[in-house]
Amino acid sequence: MQPLTRFAAPACPLPLANLDTDQIVPARFMKQPRSAGYGQFLLHDLRYDAEGRARADFILNHPEAEGARSLVTRRNFGAGSSREAAVYALVDFGFRCVVAPSFGDIFSANAVNNGLLPATVEEADLELLFDYLCDRPMPLEVNLERCRLRAGEREIPFAVNPVWRTKLINGWDDIGMTQRHRAAIDRFAAERLRDFPWVDPGQPVPSNGA
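Given the structure is predicted, the values throughout are model-derived calculations rather than measurements.

Draft legend 1. Quick look at the pattern of salt bridges. Per the counting criterion, the structure on display carries 13 salt bridges. Here Asp45 ties to Arg28 by a salt bridge, and the two come within 2.6 Å at their closest N and O atoms. Of the two residues, Asp45 is situated in helix H2 (residues 44-47) and Arg28 in the loop between helix H1 (21-24) and H2; the sequence distance between them amounts to 17 residues. In this structure Asp45 comes out as partly exposed when scored by relative accessible area, which is 41%. For Arg28, a relative accessible area of 46% corresponds to the partly exposed category. Where Asp195 meets Arg194, a salt bridge forms, and the shortest distance between an N and an O atom there is 3.0 Å. Residue Asp195 is classed as partly exposed on the basis of its relative accessible area, which comes to 46%. One network of salt bridges, with partners in common, ties together Arg146, Arg148, Arg150 and Glu155.

Draft legend 2. Highlighting the pairing of strand S1 (residues 6-14). Bridge count between S1 and strand S5 (residues 138-143): six bridges; the pairing is antiparallel. Paired with Ala9 across the strands is Leu140, a residue of S5. Of the strand pairs in this sheet, S1 and strand S2 (residues 70-73) are connected by four bridges, and their pairing is parallel. The residue bridging Pro13 from the neighbouring strand is Val72, located in S2.

Draft legend 3. Summary view of the state of the cysteines. Taken as a whole, this structure holds zero disulfides when the rule is applied. Take Cys97: it sits in no disulfide, and the sulfur closest to it among the cysteines is that of Cys147, at 11 Å. Judged by its relative accessible area of 15%, Cys147 falls in the buried class.

Thresholds applied
- Residues numbered from 1 in each chain as written.
- Predicted model: local features only at pLDDT ≥ 70, side-chain atom pairs only at ≥ 80, totals over all residues.
- Heavy atoms only, no water.
- Salt bridge = Lys/Arg side-chain N within 4 Å of Asp/Glu carboxyl O.
- Helix = DSSP H or I, 4+ residues; strand = E, 2+ residues; numbered from the N terminus.
- Buried < 20%, exposed > 50% of the residue type's maximum accessible area, 1.4 Å probe, protein only.
- Pairing = 2+ DSSP bridges.
- Disulfide = S-S within 2.5 Å.

Everything listed here is a matter of geometry and, on its own, says nothing about what the molecule does.
In structure tokens, the structure reads:
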């Protein structure tokens with residue numbers, strides 16, 4: 001997983017609350033393999049009409065949205081079912097950060113394990129961001145080391161779980177987070193085997209008379 005420390009790229013405003021995982025990626029697309037690229041399915045039923053034509057007024061169909069790496073949206077983003085494919089769709093589209101006042105709990109955990117930052121901001125700061133973006137993609141700097149967003153001349157703080165911050169900065173998933181304790185794990189395993197050799201069926205067990 002690619003480490004995330006800081007980047008500057010366009011951000012897309014999406015001022016909709018309670019966008020759930022069923023809307024982020026409709027269930028009918030989940031039979032597709034990940035290799036197909038889930039970015040094409042992101043918010044599909046909002047991006048396209050019933051005939052499959054792109055809605056010109058939807059932000060992700062804006063020409064400048066192609067290089068966007070942040071999505072600024074409203075509260076309770078990623079609520080609903082636990083489908084990890086919702087995160088796949090965001091990451092495959094190119095997003096590395098979603099900014100909102102609150103997130104679905106399972107969505108947030110899935111996001112971090114796929115290198116996507118769920119940055120939590122205060123409602124008042126969110127409105128400042130929307131004013132800055134003004135219904136179009138605009139440059140936004142994300143600094144995870146300082147937990148700050150820079151929108152023009154304004155700097156806005158965001159919150160993220162400290163453990164998640166560590167994982168994202170280092171590019172670790174749960175396995176990677178555990179591997180940083182490799183030396184301690186190996187030491188414990190060796191001591192355990194020495195004291196209780198019977199825990200390893202491949203090791204000979206000394207007789208009582210040895």
